[in-house]
Amino acid sequence: MRRPATTVPVVALAALVACLPVMAAADESSGTWTGNVEARGNYYWETSTRVLAPEISVNVESPGGVRLNGHYLLDSITSASIASGALTDVRFNEIRHDFGFGTGHEFDLGEAQLDLSVNGRYSQEPDYSSLAGTVSTSLSLADRATVLRFNFTAFHDEVGKILRGNDTSSPDGGDLSNRGKQGDLNGMVMSFLWSQALTPRLTLDVGYDLGLLSGYLQNPYRAVVVDSVLLSEVHPDQRTRHTVHGRLGYFFKPTDTAFHLIYRAYMDNWDIAALTPEVRVYQEIGSLVLLRGRYRYYTQTRSFFQSNQGYSGSDEFWTADPKMTEFESHLVGGLIVVRLEFLERSILDFAWNATVEVGLEYIWRTNSFGNGVIGQVGLNVPF
Amino acid sequence: MRPPRPLRLRTLGLLLLPAALFSALFLASCATVSPYERGDLSRPGMDSSREAGEAGFHAHVNDSREGATGGNTSTGGGCGCN
């Protein structure tokens, strides 16, 4: 049985926390270091899966304008889903460590500002590892009324397989749970975003993402009956994904209310097409409280190789993935954000500029994943 | 390598329609908003960058439960939840 690699992330988190007093000291001495620490607790629930994912992130900017950031996320997944490796109706827990670091700097070009940044990310779990690097650039024009952003991400994932359940031992007692590496997945994503202040109360973002994936694109745990034989699912090994998205924001001054209309259209060469309209309403309550209501609708077509009629040996691909089916979902959620200014001149004065947020969302789905709940709690402390 | 499937015109239309609408909005706006006019644009409800923290987890959940992706910080890989 492989043990989760916990040492490196724990050391990275400890180093991150250990650096905070140094950063704070720099802030006290020069008055020019700025940044924030954000701690979040994320929760996801559905019938067969529960996820607890605490995370911490730190962002600082030096007097010279160099930005540094780091994050660590612990993803604790409790599942009885066969697609997650359970052979029988057995509940198991799996841990994923996700951490990353980055740096960036903005160059003043006079009439424009050019921002460059690089970020690296590594994710490790017993049966999956991922390494990704991102280069980002943004160009601000017209006194920042127009911002053009371009991101390029490349990643390499290694997919393994570990069986859970009571029958993973050989007759002589050997451990057969780790079935080794199943394949590699390589990919790149290019993103372009145009942000524009249209009027003093109206903004618009328009973006396009292109994703190219190559390699192992199925789930090693899902199986399909093909000609009465249970076989692992087989997906195409290349996928090209296109996404166009936009966001229109409007501030209604008489009531301090902001309205956001968000739209996303997606298509890929697996014949999945999806539309995602969303509306968000933000209401300020005084200077300390912000409320947000959100409704998101999602609908997609099925992939060209998904079939509800079963599969035969003459089929090239077969799948048991609910994401490949035609389905729709509705999400309704609320969020409250509270600024802690009332802590000023108290024993918690250091957090007077912090914010606390609590969010809860419910998702109705028409596919076999079923309904879900997302809960989030966040604390953001600027310094 | 298996050859990719050609794009369908129907799904291509789903992409082009919103792109055309948003482009028309851009073209309709030629005026520059001066910095001193942007006070309302910096109000908490208008600053979507404040939501970056929660957006990461939302993208993670959506990528593992939906066939589509994009429009956020997700890259389509990174965990064994596909």
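Here's what I pulled together on the structure shown here.

Rules used throughout
- Along each chain, numbering runs from 1 in the same order as the chain's sequence is written.
- Chains carry letters from A onward and ligands carry numbers from 1 onward, assigned in written order.
- Owing to the predicted nature of the model, reporting of local features is limited to residues with pLDDT of at least 70; listing and counting of side-chain atom pairs is limited to 80 or more, with chain, interface and lining totals taken over all residues.
- In computing side-chain values, all of the structure's heavy atoms are included and hydrogens and water are not.
- Contact criterion: two residues are considered in contact whenever any of their non-hydrogen atoms come within 4.5 Å of each other.
- What gets called buried area is simply the loss in accessible area from a 1.4 Å probe that two parts show on being joined, summed for both.
- Throughout this description, the term salt bridge denotes a Lys or Arg side-chain nitrogen within 4 Å of a carboxyl oxygen of Asp or Glu.
- Under the rule applied, a polar contact is a pair of N or O atoms within 3.5 Å (in protein, one hydrogen donor and one hydrogen acceptor; residues adjacent in sequence only if both atoms are side-chain atoms).
- The way it works is that DSSP assigns letters per residue, a run of H or I at least four long becomes a helix, a run of E at least two long becomes a strand, and they are numbered from the N terminus.
- Polar here means any residue outside two lists: the nonpolar Ala, Val, Leu, Ile, Met, Phe, Trp, Tyr, Cys and Pro, and the charged Asp, Glu, Lys and Arg; Gly therefore counts as polar.
- To pair, rings of Phe, Tyr and Trp, with the six-membered ring standing in for Trp, must have centres within 6.5 Å; the planes then decide the type, stacked if under 30 degrees apart, edge-to-face if over 60, and tilted in the middle.
- Throughout, exposure labels follow a simple rule: accessible area from a 1.4 Å probe, protein chains only, divided by the maximum for the residue type, with under 20% read as buried, over 50% as exposed, and the rest as partly exposed.
- DSSP calls a pair of strands paired once it identifies at least 2 bridges connecting them.

Once that is clear, we can look at the interface of chain A and chain B. Chain A puts 100 residues into the contact, and the matching count from chain B is 57 residues. Buried surface at the junction of chain A and chain B, both sides included, amounts to about 6500 Å², of which 58% is carbon and sulfur. Inspection of the region where chain A meets chain B yields 11 salt bridges. With a shortest N-O distance of 3.0 Å, K253(A) and D40(B) are connected by a salt bridge. The interface formed by chain A and chain B holds 25 residue pairs in polar contact (both at pLDDT 80 or more) in total. The greatest single-element share of the side of chain A that touches chain B, amounting to 13 residues, is contributed by strand β12 (residues 238-252) of chain A. Classifying every residue of the side of chain A that touches chain B by side-chain character gives 41 nonpolar, 25 polar and 34 charged.

What follows concerns the side chain of H97(A). Residue placement: H97(A) occurs in strand β4 (residues 92-108). Here Y72(A) takes part through its side chain, which lies 2.6 Å from a polar atom of the side chain of H97(A).

With that out of the way, let us pick up the packing of aromatic side chains. Residues and elements named next belong to chain A. On inspection of all chains with the given rule, the structure shows seven aromatic pairs over all chains. Both rings, one in W270 and one in F305, keep their centres 5.3 Å apart while their planes meet at 75°; by these two values the pair is edge-to-face. Here F305 lies in the loop between β15 (289-300) and β16 (327-339) and W270 lies in the loop between β13 (257-268) and β14 (273-285), a separation of 35 residues in the sequence. This pair shows no difference in class: W270 is buried, exactly as F305 is. Centre to centre, the rings of F304 and F317 are 6.0 Å apart; their planes meet at 85°, and the pair counts as edge-to-face. Of this pair, F304 sits in the loop between β15 and β16 while F317 sits in the loop between β15 and β16, placing them 13 residues apart in sequence.

Moving on: the pairing of strand β2 (residues 49-61) of chain A. Residues and elements named next belong to chain A. As defined by bridge partners, strand β1 (residues 34-46) adjoins β2 across 13 bridges and the pair is classed as antiparallel. Bridge pairing in β2 places A39 opposite I56. Linking two consecutive strands that pair antiparallel, namely β1 and β2, is a turn of two residues. The pairing of β2 with strand β3 (residues 66-79) spans 11 bridges and is classified as antiparallel. For V51, the partnering residue across the bridge sits in β3 and is I77. Linking β2 to β3, which pair antiparallel, is a turn of four residues; within it G65 sits at a positive phi near 90°.

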